[in-house]
Amino acid sequence: MDPSKPSAAEIWKALNILDDFLSGGFIREHPELIAAPAPDAADAGAPAMGSPAAAGQDAAPVRAAAAVPAGDSLASVAEAVSGCTACALCTGRKTAVPGEGSAEPLVLLVGEGPGEEEDKSGRPFVGRAGQYLDSWLKPIGLDRASCFVTNVVKCRPPQNREPRPEEIQACAPYLDRQIALLKPTLILCLGRIAAHRLLEGNASLGALRGKVHSLSGVPLVVTYHPSAVLRDQALKRPVWEDLKLLKSLL
Ligand code: SF4
């Protein structure tokens, strides 16, 4: 390789910086994300905005469109969740957390499960990870009012452990009803648990990111959970790539 010529990774980095600049606001308002480490090998292989790979549909199977049962509503889902005893998570909860936001959301954000602050308040993503999530939305022109935020399971798992398969299964009808009622324009899965629940597979996050999947015809993008990024700052750059992909679909 000619050392005088830029590498593919260097070209990719330069294009991203230009893209960030042209899309406006991000560098000025969110320097903490831009300050993420230089792109690694995974970044170098990620698709650019507008590229065929970014715009292409994933080969994952598309689930049949869910019908809304007659008389169903977001309020009735929330009421059912608040009194639900369908899995063991009901025994440790203070408050069930059905989710909240726009009834006609641009984006449905799906996380894993409520944490301590959410369990106390009954509201999704209000702790540190939730505040961090808010900082992701603003640069792509979104906020809580234009989204609906919920989780795969509606009750807090003990010590914030991952929800178990039987708990995810028991809680699945509530999320399915919410998706059918909300009819979101886009879905963003926050983390592996949400992605596996909605895409019905067990692929790695690395394999699921950087693609536009489809859930009953609704474009779905996968990124890391905010808590994971708070633990590992190297994930900031991949998250920004995922947010740019989401923005390109809005
Ligand atoms: S996690 Fe879901 S299924 Fe389990 S008790 Fe809570 S609302 Fe019911």
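In this text, all values refer to a predicted model and were calculated from it rather than measured experimentally.

Undergrad: Report on the site of the ligand, specifying residues and quantitative values.
TA: Neighbouring the ligand are the residues Cys 84, Ala 86, Cys 87, Leu 89, Cys 90, Arg 93, Lys 154, Cys 155, Ala 170, Cys 171 and Tyr 174. A per-class count over the shell around the ligand returns nine nonpolar, no polar and two charged.

Undergrad: Please provide a residue-by-residue account of the pairing of strand β2 (residues 107–111), values included.
TA: Counting buried residues in β2 gives five out of five residues, a clear majority hidden from the surface. Across the two faces of β2 the burial is the same, with Val 107, Leu 109 and Gly 111 and Leu 108 and Val 110 all buried. Here five bridges tie β2 to strand β3 (residues 147–151), and the two strands are oriented parallel to one another. Residue pairing in the sheet places Val 110 in a bridge with Thr 150 of β3.

Undergrad: Please set out the packing of aromatic side chains residue by residue, giving values where relevant.
TA: What the rule picks out here adds up to one aromatic pair. Look at Tyr 132 and Trp 136: their rings are 5.4 Å apart centre to centre, the planes differ by 75 degrees, and that puts the pair in the edge-to-face class. In this pair, Tyr 132 and Trp 136 are both assigned in helix α8 (residues 128–137), four residues apart and thus about one turn of the helix distant. Both residues of the pair, Tyr 132 and Trp 136, belong to the buried class.

Undergrad: Run through the sheet that holds strand β1 (residues 100–101), naming residues and quoting values.
TA: Spatial ordering of the open sheet is given by β1-β3-β2-β4-β6-β5, a layout of six strands whose pairing is mixed. A single partner strand is all that each edge strand has here, and the edge strands are β1 and β5 (213–215). Across the sheet, helix α13 (residues 236–249) is in contact with β2, β4 (186–190) and β6 (218–223); its angle to β6 comes to roughly 170 degrees.

Undergrad: Can you explain the pattern of salt bridges? Please cite residues and give values.
TA: Applying the stated rule across the entire model yields 11 salt bridges. In this structure, Asp 72 and Arg 177 form a salt bridge, with 2.7 Å as the shortest nitrogen-oxygen distance. Highlighted residues: Asp 72 in the loop between α5 (52–55) and α6 (74–82) and Arg 177 in helix α9 (residues 165–182), separated in sequence by 105 residues. Asp 72 sits in the buried class, given a relative accessible area of 16%. Residue classification places Arg 177 among the partly exposed positions, given a relative accessible area of 24%. A salt bridge links Arg 197 to Asp 176, with the nearest nitrogen and oxygen atoms 2.7 Å apart. With Arg 197 in helix α10 (residues 192–199) and Asp 176 in helix α9, the pair connects residues that are 21 residues apart, well separated along the chain. The buried category is assigned to Arg 197, whose relative accessible area is 10%. Through salt bridges with shared partners, one network takes in Glu 116, Glu 117 and Lys 120.

About the cut-offs
Residues numbered from 1 in each chain as written. Predicted model: local features only at pLDDT ≥ 70, side-chain atom pairs only at ≥ 80, totals over all residues. Heavy atoms only, no water. Near = heavy atom within 4 Å. Nonpolar A, V, L, I, M, F, W, Y, C, P; charged D, E, K, R; others polar. Buried < 20%, exposed > 50% of the residue type's maximum accessible area, 1.4 Å probe, protein only. Helix = DSSP H or I, 4+ residues; strand = E, 2+ residues; numbered from the N terminus. Pairing = 2+ DSSP bridges. Phe/Tyr/Trp six-rings, centres within 6.5 Å; stacked < 30°, edge-to-face > 60°. Contact = heavy atoms within 4.5 Å. Axes fitted to C-alpha atoms, helices over the stretch in contact; angles between N-to-C directions. Salt bridge = Lys/Arg side-chain N within 4 Å of Asp/Glu carboxyl O.

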